[in-house]
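Descriptive structure summary
The lines below spell out each chain.
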Amino acid sequence: MKRTRSRLADGREILYYDTGDGPSRAVTDTRPLDAPAAASEVRRDPLLGDTVVIASHRQGRTYLPPADACPLCPSAEGRASEIPASDYEVAVFENRFPSLSGDTGRCEVICFTPDHRTSFADLDEERAALVLAAWTDRTAELSAREGVRQVYCFENRGAEIGVTLAHPHGQIYAFPFITPRTTRMLTTVAAHRARTGGNLFDEVLAGERGEGTRIVLETDHWTAFVPYAARWPYEVHLYPRHRVPDLPALDDASRAEFPRVYLELLRRFDRLFDRPGPTPYISAWHQAPVGEGREEFALHLELFTVRRTADKLKHLAGTESGMEAYMNDVRPEDAAARLREVASR
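Residues numbered from 1 in each chain as written. Predicted model: local features only at pLDDT ≥ 70, side-chain atom pairs only at ≥ 80, totals over all residues. Heavy atoms only, no water.

Quick notes on the environment of Pro-233
Short version of the rule: Put simply, DSSP marks the helices as runs of H or I at least four residues long and the strands as runs of E at least two long, and each gets a number from the N terminus on. Residue contacts are counted whenever heavy atoms from the two residues lie within 4.5 Å of one another.
Positionally, Pro-233 belongs in the loop between strand 10 (222-225) and strand 11 (234-240). Separated by 94 residues in sequence, Pro-233 and Met-327 have C-alpha atoms that sit 9.5 Å apart. The residues touching Pro-233, leaving out its near neighbours within four places in the chain, are Thr-305, Arg-307, Arg-308, Lys-314, Asn-328, Val-330 and Ala-335.

Shown next as structure tokens:
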């Protein structure tokens, strides 16, 4: 893998990732951009203890531009974008409208392909491996930054999710705090260790593999299953067979097998419903915080869709949004069976 580091016109960093040696991507950004004026604020909920980010400057961010004005496509004559190069394989740059900035963290955009009309599921295994390499590289570098407590790589796909840019891309957040979801996991895992002496992540994975009805697919190095208490109609958790805290800790064998496994899961999601267009989803890497809980935490990816049938969405209504009490319309065992049914032939 070749990494080329450059700067955008307003000083933000951009990195190009290429397979092999790759061509030079260090192209000057000639746009007349003002310096970023982000002003995020981190506040703590006094009743719940949760951390909330206030980012009012994001009200003016780019919203559903036409394809010929996409800021994530490569730049072309007469149309300069966020990516100055005329072509790229994978590109990562600091978000122009970040939720986190300066002392409150960092937000990056990762573009999986220059092709506006495709999606991650359409990538080949070589490109998917390059995306994994970029996620890994960014996790390692951002984790080393002063003040960063946790790195989160994720993708939102589909208008139903609330995506404002149609180009296939994801995001990478470097949080200055440990997120509420991870905090709850660490608390539960620590209590289980104190009570039983075992690792709860290991036991959950072993239990799913042993019980079997919610397994979606298994390989030599990865296991994908619908969790016993799934919150979403179709939700899959993907674990490496051997527990590691984060992406940089993956071994070579797991890293080599990941593209085939992940692309198969994404393609199954696209075959779930008899309707045109890709299935909307959120894909989220859960990684251990920086310097805390790493011995107990298990790297895993959570993939879920808000679609419950071909023509119905799962909305977070009163019980979920108001009380965080999830009500799932699809039995997890049935979801797993359906995801096995739509496997590649």
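Here the narrative resumes, following the displayed structure.
Let's talk about the pattern of salt bridges
Where charged atoms from two side chains of opposite charge approach closely, those side chains can pair. Keep this limit in mind: One side-chain nitrogen of Lys or Arg within 4 Å of one carboxyl oxygen of Asp or Glu is enough to make a salt bridge. Type-normalised accessible area, obtained with a 1.4 Å probe on protein chains alone, sets the label of each residue: buried when under 20%, exposed when over 50%, and partly exposed for intermediate values.
What the rule picks out here adds up to 38 salt bridges. The salt bridge partner of Arg-106 is Glu-13, with a shortest N-O separation of 2.8 Å. Linking Arg-106 in strand 6 (residues 106-111) with Glu-13 in strand 2 (residues 13-18), this pair joins segments that are 93 residues apart in sequence. Just as Arg-106 is buried, Glu-13 falls in that class too. Across the pair Asp-29 and Arg-31 runs a salt bridge whose closest N-O atoms are separated by 2.8 Å. Across the pair, exposure class does not vary: Asp-29 and Arg-31 are buried alike. Each of Arg-3, Arg-5, Glu-13, Glu-94, Arg-106, Glu-108, Asp-137, Arg-138 and Glu-141 takes part in one network of salt bridges that share partners.

Quick notes on the sheet that holds strand 12 (residues 281-286)
In plain terms, the rule: Following DSSP output, two strands are said to pair if at least two bridges run between them. Working convention: axes come from line fits to C-alpha atoms, limited for helices to the stretch in contact. Angles between N-to-C directions cover 0 to 180 degrees.
Strand order in the open sheet made by the 11 strands is 1-2-5-6-8-7-12-13-11-10-9, with antiparallel pairing throughout. Both edges of this open sheet fall to strand 1 (2-7) and strand 9 (215-218), since each of them pairs with a single strand only. Adjacent strand axes in the sheet meet at a mean angle of 20° when their direction is disregarded. Along the sheet face, helix 3 (residues 200-211) touches strand 9, strand 10, strand 11 and strand 13 (300-305) and points at about 75° away from the line of strand 10. Contacts between helix 6 (residues 332-341) and the sheet are confined to strand 9 and strand 11, with strand 9 contributing the most and set at about 40° to the helix.

Focus on the side chain of Glu-333
Operational definition: Here a polar contact is taken to be a pair of N or O atoms separated by no more than 3.5 Å, where protein atoms must pair a possible hydrogen donor with a possible acceptor and residues adjacent in sequence count only if both atoms sit in side chains.
Its location among the elements puts Glu-333 in helix 6. Look at Glu-333 and you get buried, because its relative accessible area is 17%. Here Arg-214 takes part through its side chain, which lies 2.7 Å from a polar atom of the side chain of Glu-333. In contact with Glu-333, not counting residues within four places along its chain, are Thr-213 and Arg-214.

Some words on the packing of aromatic side chains
Here is the rule: Pairing of aromatic side chains here covers Phe, Tyr and the six-membered ring of Trp, requires ring centres within 6.5 Å, and sorts the geometry by plane angle: under 30 degrees stacked, over 60 edge-to-face, intermediate tilted. Definition used: whenever NZ (Lys) or CZ (Arg) falls within 6 Å of the ring centre and also within 35 degrees of the ring normal, the charge is taken to sit over that ring.
Summed over all chains, the structure comprises 21 aromatic pairs. Ring geometry for Trp-135 versus Trp-285: centroids 6.0 Å apart, planes at 75°, classification edge-to-face. Of this pair, Trp-135 sits in helix 1 (residues 125-143) while Trp-285 sits in strand 12, and the two are 150 residues apart along the sequence. A relative accessible area of 3% places Trp-135 in the buried class. With relative accessibility at 2%, the residue Trp-285 sits in the buried group. A connected cluster of aromatic rings, assembled from ring pairs, spans Phe-112, Phe-120, Trp-135, Trp-222, Phe-258, Tyr-262 and Trp-285. The cationic tip of Arg-231 hangs over the ring face of Tyr-326; the distance from NZ or CZ to the ring centre is 5.4 Å.

What about the pairing of strand 7 (residues 150-157)?
Taken across its 8 residues, strand 7 has 6 buried, putting it largely inside the fold. As judged from the 5 bridges shared by strand 7 and strand 8 (residues 169-175), these two strands associate in the antiparallel manner. Paired with Gln-150 across the strands is Phe-175, a residue of strand 8. Note: strand 7 against strand 12, 4 bridges, orientation antiparallel. Bridge pairing in strand 12 links Phe-154 to Ala-284.

Details of the side chain of Glu-89
To keep things clear, this is the line we draw: Note that His is not counted, nor are the chain ends; the positive residues are Lys and Arg, and the negative ones are Asp and Glu.
Summarising the element assignment, Glu-89 is placed in the loop between strand 4 (51-54) and strand 5 (90-94). Although buried, Glu-89 forms no salt bridge, and the nearest oppositely charged side chain, Arg-127, lies 4.1 Å from it. A polar side-chain atom of Glu-89 sits 3.1 Å from a polar atom in the side chain of Thr-19. If we ignore the near neighbours within four places in the chain, the residues touching Glu-89 are Tyr-17, Asp-18, Thr-19, Arg-25, Cys-111, Phe-112, Thr-113, Pro-114, Arg-127 and Leu-130.

As for the nonpolar core
The criterion, for reference: What is meant by a nonpolar core is a set of buried Ala, Val, Leu, Ile, Met, Phe, Trp, Tyr and Cys residues, joined one to another through side-chain atoms within 4.5 Å.
In terms of nonpolar packing, the biggest core is built from 52 residues, with Ile-110, Phe-120, Trp-135 and Trp-285 touching the most fellow members. With sequence-adjacent residues up to four places away left out, Trp-285 is seen in contact with Trp-135, Tyr-152, Cys-153, Trp-222, Leu-247, Phe-258, Leu-299, His-300 and Leu-301. One finds Cys-73, Ile-83, Tyr-88 and Leu-165 within the second-largest nonpolar core, a separate group that totals 14 residues.

Topic: the packing of helix 1 against helix 4 (residues 252-270)
In plain terms, the rule: Take the far helix as your reference; a near helix turned counterclockwise from it by less than a right angle gives a left-handed crossing, and one turned clockwise gives a right-handed crossing. Each residue gets one of three labels, nonpolar for Ala, Val, Leu, Ile, Met, Phe, Trp, Tyr, Cys and Pro, charged for Asp, Glu, Lys and Arg, and polar for the others, Gly among them.
For the pair helix 1 and helix 4, interaxial distance at closest approach is 9 Å and the crossing angle is 115°. As helix 1 runs across helix 4, the sense of the crossing is right-handed. In this structure, helix 1 uses Glu-125, Ala-128, Ala-129, Leu-132, Trp-135 and Thr-136 to contact helix 4, whose residues at the interface are Arg-255, Phe-258, Pro-259, Arg-260, Tyr-262 and Leu-263. Split into classes, the residues belonging to the contact of helix 1 with helix 4 amount to 8 nonpolar, 1 polar and 3 charged.

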